[in-house]
Amino acid sequence: MKALDQKTCKAARALANWTASQLGEAAGVPIDTIRSFESARTKTLSRENEAAIRKALEAQGVQFLEAGQVAAGPGVAVGAKE
C-alpha cells in the first residue's frame, strides 16, 4: 500500500467531516502531528501513526484506493495528472 500523503490525509479527513482534533482523538495521534503533516511541515508519518489514522478514517467509511481500484459505493477519487 502506498504511503499516505498530506493531500490524501486532509481530503480523507474532510470526507469524514472531521476536524484535525477529531481525527487525532479517534486515531490516538497528537493533533500537532496531524496538523504538521497536513501542512507539509512534516514530510512523513511514523508507521504507527499512519496506520492509526487510516484505521480511524476507514472506520468512518473512507476507502483508500490504489491505482485502478474502484470504490464500493458513492465517493470521489483523484486521477493522475497529465
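Residues numbered from 1 in each chain as written. Predicted model: local features only at pLDDT ≥ 70, side-chain atom pairs only at ≥ 80, totals over all residues. Heavy atoms only, no water.

A. Region of the structure containing the overall build of the chain. Along the chain, the regular secondary structure elements total 4 helices and 0 strands. Along its sequence from the N terminus, the chain presents helices and strands in the succession α-α-α-α. When burial is assessed residue by residue, the chain has 29% of its 82 residues classed as buried. Element-wise, carbon and sulfur atoms account for 52% of the exposed surface of the chain, whose accessible area totals about 5,800 Å². (Helix = DSSP H or I, 4+ residues; strand = E, 2+ residues; numbered from the N terminus. Buried < 20%, exposed > 50% of the residue type's maximum accessible area, 1.4 Å probe, protein only. Areas by Shrake-Rupley, 256 points an atom, 1.4 Å probe, with all protein chains shown as cover.)

B. Expanded view of the packing of aromatic side chains. Following the criterion strictly, the structure yields 0 aromatic pairs and no others. Stacked on the ring of Phe64, the Lys or Arg Arg54 has its end atom at 4.9 Å from the ring centre. (Phe/Tyr/Trp six-rings, centres within 6.5 Å; stacked < 30°, edge-to-face > 60°. Lys NZ or Arg CZ within 6 Å of the ring centre and 35° of its normal.)

C. Representation of the nonpolar core in the model. In terms of nonpolar packing, the biggest core is built from 17 residues, with Leu23, Ile53 and Leu57 touching the most fellow members. Elements with a contribution of two residues or more to this core: α1 (6-15), α2 (20-27), α3 (31-38) and α4 (47-59). Residues contacting Leu23, with those up to four places away along its chain left out, are Cys9, Arg13, Trp18, Ile34, Ile53, Ala56 and Leu57. (Core = buried A, V, L, I, M, F, W, Y, C linked by side-chain atoms within 4.5 Å. Contact = heavy atoms within 4.5 Å.)

D. Fine view of the side chain of Arg13. In this fold, Arg13 is placed in helix α1. For Arg13, a relative accessible area of 13% translates into the label buried.

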